[in-house]
Structures are given as C-alpha cells and as structure tokens.
Amino acid sequence: MKETAMNKVDTQINDLSNGQQLSMDENVEEKVKPFKRSLSRRSFLGKSLAVGAGTIGAGWLLTDRTPAYATGTLIQGDADILRFLSAAEILETDLWQQYNELGGIQDSEVPGGSGSKLYTKALSRLDSDMDQYIHDNTEDEFTHFTFINAYLVSRGAQPVNLDQFRTLPSSQATGAQQIGRLTNLMQLTVDTSWWTKYRSRSGNPDLGDTFPPAVPGLLQGQFPAIPRNDDDLRPNKHIQAIANTAGFHFAFIEQGGTSLYPSLAQRVTDVEVLRVLLSIGPTETAHFQTWHDKAGNVIPLTDPTNGLVFPDLNSPPFGGEDFQTNLIMPEPCPFLNRTFPVCSIIRPTETTGAAMGALNALTADGLFRGQSQAFFTFLTQLAQAADAAQRGC
Ligand SMILES: [Fe+2]
Ligand SMILES: [Fe+2]
C-alpha cells in the first residue's frame, strides 16, 4: 500500500504521542504547524517561570495574541468522545478523498488523484463549482481529524489511527489513486430521507417521527457514487446517475456530522473540549447546507444500465413542501416537546446512543461494505465508549 499524505499525518501524530521527533514533508508540516507552535510556547513559558523570569514570560504573553489553551489530562469521557469523532473524521476524509481524486480540483492542498473528466462534467450539472466544493470539503475533513488527534495528544490522550484497516480497493477509473481505502463508494445504499426530514414542519426524529426518502430507488440496491472503472463513464445517463448518487450522498454524510457534534457536545465536561465540538460541528452544517442546495439540481432520469430512477421532485406525486427543490433551509419543526412552538433546528440532537447511531447509519449506507470484522469491532468499541461518557460538573 502506498503511503498517502493522510497516512503520514496519522503516523506522525502517533510518533508525537510517543514523544518522538516530528519529521514530515512540507504539506503535513503546514497542517500541524499551529500545534508545534503551541507546544514550543508552552515549554518556553514553563522554563521562564521555573527560573524566576516571570516578568519576561508575562511581557511575552502581553504581545502573544494566541489564546491560552487548557492543559492537563482529559477525563476519560471527553477523550472517548474526541476519539470517536477523530475516527469519524478519518472515515469522512477517506471518502471525500476518493470523491476529490475523481471529481474535485486537483492541487497540492488535496493531493492524490488526477481527475475524471466525464465524472467531473456530470457533477458540474449540479453546479459549475462542484469540483471546488468537493475539494474544499475534503480539505476540511483532513483538518478535522488532524486537529482532533493533535488535541488529544496535547491533553495526554491517545490519538486514533485507522491505517491497519485501509484494505478496500480503489476505483479502477482513470484519475483515482491505487491505494487501500477505509470506505467503499461503489456499492452504496443511500438514505435520502434527510431531504424530507429537513422539510417537515411536523416531524422530528427525536420525537419518534420517520420520513420518506426523496429517491426511493437509492434504498433498493447498491449503487456507485464514483465510476468503478472507465466503462462507467458511458452512456451519459449512467455517469449522470452516478453523479446524482454522489450529490445526494454528499448531503447524507454532512447532515450526519451536523447532528453528531451537537448530540455528543451535551456530554462533554471540559469547556475547551466543548469549544472544539462547537467549533467543528457547524462547519459540517455549512457543508450540509451547500450539498442540500446542490442536490436540488440533480437531473431527473432513469439509469439505463440498472433502472435507478431519480424522480422530478417538483412534480406529482412529489412536489409541495416536502419535496420542492428550492426549499433548502430547515423548516421549523417540533423541538423537545410538541407543546412548544415549532423551531428551525438541527435534527436529531438526542445525545443517548448518538455515536452508535452514527456508526449504524454509515454502515447501513454501505460505506463499509467489504470491511473486516476487526474494523467493525474497533469502531464499535470507540462508539460505545463515546456513548458511555457522562457529563461531569
Ligand atoms: Fe468533518
Ligand atoms: Fe463533514
């Protein structure tokens, strides 16, 4: 298996946790530079106080605009929540990197692929800037897990490394790297009920409500969201159906992150850990909002190779408030209790079982088809530990 930039970050973070010297290429070094700066600042401050040069340290602090950050070992529950989030972000990065290699902008910020012209063109029918958005979403995920792992190390906790599970095959389409993957984008069963969940004015999953899928066909089989090989690039309606599947899958993934962070934030104890969750979570929402809008531009069609139907969501039996494609913001819905006035909110945000719920949803999505039992065991352990965390005082 080739070593990717992502693998290198994982490895280096691990090295860091063992107290070893950092040695990394420029790209990776750039990504962890703030952490290195923080480390040296802290060790400088420690030394200056130790030798009684507190005034020098204080003067230096006055000119230092970097906010102080917490020290001390994390309590177990906070570490467990961050470790599950780190794993989720590593998985997100893995899938977004596959999308970027074939359908995103190819540059040094997100290295690896060389692009698939026809797939990128099909995606561009959802928005002419799709390649840019895919690229930027990928880079964001990269920074999420890199930051969380570095933060875990800084607070005396173990980071997460999933490298041993990078065993799934890459797409054989021109443009994809040939490396081991954590996730499978070629046999997805995409749940598109997020579409109607965010349009409902009367239902909330936290109150037991369920929602119909916008594209029922995507729940009735296994479909690629990237071309599996160059044969998937034609006919036009087939590669467009693959791009359409990706369009709905992007939002499925990001609405999951949108719920996961506020759900888990309710059980963290350390205020700075809360700040980490409250600062990353809304970027998942920014992603979701973007993808929600783009999915509305999916072209209605039937894939001639497998019969998968993307319906016209603006026409009967679809249409109306539950399906209309220009409704891209969350409709207000019941929250906490149906006796309260409706409110425009993220949904669900129930904290009990949130980590296992996320893992189960990703598994049902088909994202891990072909993964080993050891992979599921490890991810389940991380999720159960996160769900066992209790908020302290
Ligand atoms: Fe993320
Ligand atoms: Fe995300």
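None of the values given here were measured: they were computed from a predicted structure.

**Student:** Could you clarify how one ought to interpret the overall build of the protein chain in this entry?
**Tutor:** Scanning the protein chain from N- to C-terminus turns up 11 helices and 2 strands. Ordered by position in the sequence, the α and β elements of the protein chain form the string α-α-α-α-α-α-α-α-α-β-β-α-α. The buried share of the protein chain, taken over its 393 residues, is 45%. Long-range pairs, those at least 24 residues apart, make up 73% of the contacts in the protein chain between residues at least 6 apart in sequence.

**Student:** When you look at the packing of helix 4 (residues 76–103) against helix 6 (residues 130–154) in this model, what are you seeing that I'm missing?
**Tutor:** Angle between the axes and distance between the axes are the two parameters that describe a pair of packed helices. Closest axis-to-axis distance for the helix 4/helix 6 pair is 8 Å, and the angle between their directions is 150°. It follows that helix 4 is roughly antiparallel to helix 6 by the angle criterion. Two packed elements cross with a definite hand, and for helix 4 against helix 6 that hand is left-handed. Looking at the contact of helix 4 with helix 6, its residues break down into 13 nonpolar, 10 polar and 5 charged.

**Student:** Quick question: what am I supposed to make of the confidence of the model for the protein chain here?
**Tutor:** When pLDDT drops low, the exact placement of atoms in the prediction is not to be read closely. Across the protein chain, the average pLDDT comes to 87, with 83% of residues at 70 or higher. A low-confidence stretch, residues 1–61 (pLDDT under 50), is modelled with 56 contacts involving residues beyond four sequence positions or located in other chains.

**Student:** Honestly, the environment of Thr351 in this entry has me stumped. Any pointers?
**Tutor:** Among the secondary structure elements, Thr351 is positioned in the loop between strand 2 (309–310) and helix 10 (354–364). On the neighbour-count criterion, Thr351 (16 C-beta atoms within 10 Å) is partly exposed. Separated by 36 residues in the primary sequence, Thr351 and Asp387 have C-alpha atoms spaced 8.1 Å apart.

**Student:** Help me out: how do you make sense of the nonpolar core in this one?
**Tutor:** The nonpolar side chains of a soluble globular protein tend to be buried with one another. Phe84, Ala87, Tyr119, Ile226, Ile242 and Leu264 are the most contacted members of the largest nonpolar core, which has 87 residues in total. Here this core takes 14 residues from helix 8 (residues 236–265), the largest share from any one element. The residues touching Leu264, leaving out its near neighbours within four places in the chain, are Ile81, Leu85, Leu277, Thr351, Ala354, Ala355 and Ala386.

**Student:** I would appreciate a short explanation of helix 9 (residues 271–295) in the present structure.
**Tutor:** Along an α-helix, a turn takes 3.6 residues, which lines up residues three or four apart on a common side. With 25 residues, helix 9 extends 36 Å between its outermost C-alpha atoms, agreeing within 8% with the 36 Å of an ideal straight helix rising 1.5 Å per residue. Among all positions in helix 9, only Val273, Val276, Leu277, Gly281, Glu284, His287, Phe288, Thr290, Trp291, His292, Lys294 and Ala295 are buried. Lining the buried residues of helix 9 we find helix 4, helix 6 and helix 8.

**Student:** Please explain unusual backbone geometry as it appears in this structure.
**Tutor:** Most peptide bonds are trans, and most residues other than glycine sit at a negative phi. Arg234 connects to Pro235 through a cis peptide bond whose omega is -5°. With respect to the helices and strands, Pro235 occurs in the loop between helix 7 (193–197) and helix 8. Even without glycine at this site, Leu336 takes up a positive phi of about 70°. Looking at the secondary structure, you find Leu336 in the loop between strand 2 and helix 10.

**Student:** Looking at this model, I keep getting lost on the packing of helix 6 against helix 9. Mind explaining?
**Tutor:** Remark: helix 6 packs on helix 9, axes separated minimally by 11 Å, with the N-to-C direction vectors making an angle of 165°. Taken as axis vectors, helix 6 and helix 9 run roughly antiparallel relative to one another. For the pair helix 6 and helix 9, the crossing hand works out as left-handed. On helix 9, the residues touching Met130, Tyr133, Asn137, Asp140, His144 and Tyr151 of helix 6 are Val276, Ile280, Thr283, His287, Thr290 and Lys294. The class makeup of the residues in the contact of helix 6 with helix 9 is 5 nonpolar, 5 polar and 2 charged.

**Student:** Sorry if this is basic, but what is going on with helix 11 (residues 373–388) here?
**Tutor:** A rise of 1.5 Å per residue sets the reference length of helix 11, with its 16 residues, at 22 Å; its end C-alpha atoms lie 22 Å apart and thus fit the reference within 8%. Within helix 11, burial applies to Leu379, Leu382, Ala383, Ala386 and Asp387. Seen along its axis, helix 11 keeps its buried residues to an arc of 135°; they face one direction. Residues of helix 11 that are exposed and point over 90 degrees away from its buried face: Gln373, Ala374 and Thr377.

**Student:** For this particular structure, what's the right way to read the environment of Ile81?
**Tutor:** For Ile81, the location among the structural elements is in helix 4. Sequence separation between Ile81 and Leu264 is 183 residues, and the spatial gap between their C-alpha atoms is 7.0 Å. Beyond its immediate sequence surroundings of up to four residues, Ile81 is in contact with Leu264, Arg267, Val268, Ala386 and Ala389.

**Student:** Can you walk me through the environment of Glu254 in this structure?
**Tutor:** Residue placement: Glu254 occurs in helix 8. Separated by 38 residues in sequence, Glu254 and His292 have C-alpha atoms that sit 9.4 Å apart. Discounting residues that sit within four places of it in the chain, Glu254 has contacts with Glu284, His287, Phe288 and Trp291.

Reading guide: rules and limits
- Residues numbered from 1 in each chain as written.
- Chains lettered and ligands numbered in written order.
- Predicted model: local features only at pLDDT ≥ 70, side-chain atom pairs only at ≥ 80, totals over all residues.
- Helix = DSSP H or I, 4+ residues; strand = E, 2+ residues; numbered from the N terminus.
- Buried ≥ 20, exposed ≤ 12 C-beta atoms within 10 Å, placed from the backbone.
- Contact = placed C-beta atoms within 7 Å.
- Axes fitted to C-alpha atoms, helices over the stretch in contact; angles between N-to-C directions.
- Parallel < 35°, antiparallel > 145°, perpendicular 65-115°, else oblique.
- Left-handed = near helix turned anticlockwise from the far one by under 90°.
- Nonpolar A, V, L, I, M, F, W, Y, C, P; charged D, E, K, R; others polar.
- pLDDT = per-residue confidence, 0-100.
- Core = buried A, V, L, I, M, F, W, Y, C linked by C-beta atoms within 7 Å.
- Expected span 1.5 Å × (residues − 1).
- Arc of directions from axis to C-beta.

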